Amino acid sequence: MRLSRHSKIGKNSYEFELSRKEMVESQIIRYGEIKDTNVIQAMLKVPRHLFMPESLKYEAYGDYPLPIGEGQTISQPYMVAAMTEALELKITDRVLEIGTGSGYQAAILAEIVEEVYTIERIESIAQQAKKNLANQGYTNIKIKIGDGTLGWEEFALYDGIIVTAGAPSVPEILFQQLKEGGRLVIPIGDRFSQDLILVRKQNGKPVQKSLLGCMFVSLVGKYGWRNGA
Ligand code: SAH
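Note that the structure is a prediction, hence the values are computed from the model and not measured.

Rules used throughout
- Residues numbered from 1 in each chain as written.
- Predicted model: local features only at pLDDT ≥ 70, side-chain atom pairs only at ≥ 80, totals over all residues.
- Heavy atoms only, no water.
- Core = buried A, V, L, I, M, F, W, Y, C linked by side-chain atoms within 4.5 Å.
- Buried < 20%, exposed > 50% of the residue type's maximum accessible area, 1.4 Å probe, protein only.
- Helix = DSSP H or I, 4+ residues; strand = E, 2+ residues; numbered from the N terminus.
- Axes fitted to C-alpha atoms, helices over the stretch in contact; angles between N-to-C directions.
- Parallel < 35°, antiparallel > 145°, perpendicular 65-115°, else oblique.
- Left-handed = near helix turned anticlockwise from the far one by under 90°.
- Contact = heavy atoms within 4.5 Å.
- Pairing = 2+ DSSP bridges.

Chemist: With reference to specific residues and values, describe the nonpolar core.
Modeler: In terms of nonpolar packing, the biggest core is built from 50 residues, with Ile28, Ile34, Met43, Tyr104, Leu133 and Ile141 touching the most fellow members. If you list the elements that add at least two residues to this core, you get helix 1 (13-29), helix 2 (37-45), strand 1 (66-69), helix 3 (77-86), helix 4 (104-112), helix 5 (123-135), strand 5 (141-145) and strand 8 (194-202). Counting 20 residues, the second-largest nonpolar core is a separate cluster that includes Val163, Ala165, Ala167 and Leu184.

Chemist: Break down helix 4 for me, citing the residues and quoting the values.
Modeler: Counting buried positions over the nine residues of helix 4 gives eight, a clear majority of the element. Those residues of helix 4 not exposed but buried are Tyr104, Gln105, Ala106, Ala107, Ile108, Leu109, Ala110 and Ile112.

Chemist: Help me get a handle on the packing of helix 2 against helix 4, residues and values and all.
Modeler: Following both chains from N to C, one finds helix 2 and helix 4 inclined at 125°, their axes separated by 9 Å at the closest point. Considered as vectors, helix 2 and helix 4 are oriented oblique to each other. Note that helix 2 runs across helix 4; the crossing there is right-handed. The residues of helix 4 that touch helix 2, namely those facing Asn38, Val39, Ala42, Met43 and Lys45, are Tyr104, Ile108, Glu111 and Ile112.

Chemist: Which residues make up the sheet that holds strand 6 (residues 158-163), and what values do they have?
Modeler: Here seven strands make up an open sheet; going across it, the order is 5-4-3-6-7-8-9 and the pairing mixed. Pairing within the sheet leaves two strands with one partner each, and these edge strands are strand 5 and strand 9 (205-214). With strand direction ignored, the average angle separating the axes of adjacent strands in the sheet is 15°. Where strand 8 and strand 9 come together, nine bridges link them in antiparallel fashion. When the sheet's bridge partners are listed, Asp195 is paired in strand 9 with Gly213. In the packing of helix 5 onto the sheet, contacts are made with strand 4 (115-120) and strand 5, and the angle to strand 5 comes to roughly 165°.

Structure below.
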């Protein structure tokens, strides 16, 4: 007997697309907190399952973070949406991300704005992210390997800066690299739990707002935690 394409074990890309739609409806739209249609469109479009280890792709659309190697994680879909929405992005914005990880958050940003810069400290993770993003055809994302707590002076100033690892405090250099009116989202707290903070630069001064509780892996660097534990 010949097996049809659909009798293969696993999902085809159409089935992944359905899972993605279901993820957006049940995790992102349902509670009414995410309203930015650009964010919703980007979450519907980016194939999250192609940004994680092959063995985890069937879990990609679940309501939780997942491991991507080296003790690091890809954030829960809702967290990606909430952080992206908090940046209040428009197409002409220039955004810096600290903590490239899988490249998924960078892809979401790149669907919304023209220029994305992202920094990852772990070489093997950065190389995998480069592959993931190249496979998806992104040409508006620049990746650097290094300590993101120092920012990326060369392309500053930024309209938005997103830190996707937990820090003990807001690194001053990142605030300096924001434009007037720019937004910085960053999880601040201890090693195990943090508050997601939105910092806006108003008249050169930081205006802070706490958004929600969260749990991120550690931001490790000169102006973050001192080691990877
Ligand atoms: N945004 C990612 C998830 C990131 S997990 C995604 O969409 O998949 C946090 C990442 O931050 C990890 O890969 C970790 O290695 C990285 N990281 C931690 N400290 C860093 C630093 N100082 N500079 C750059 N990257 C850092």
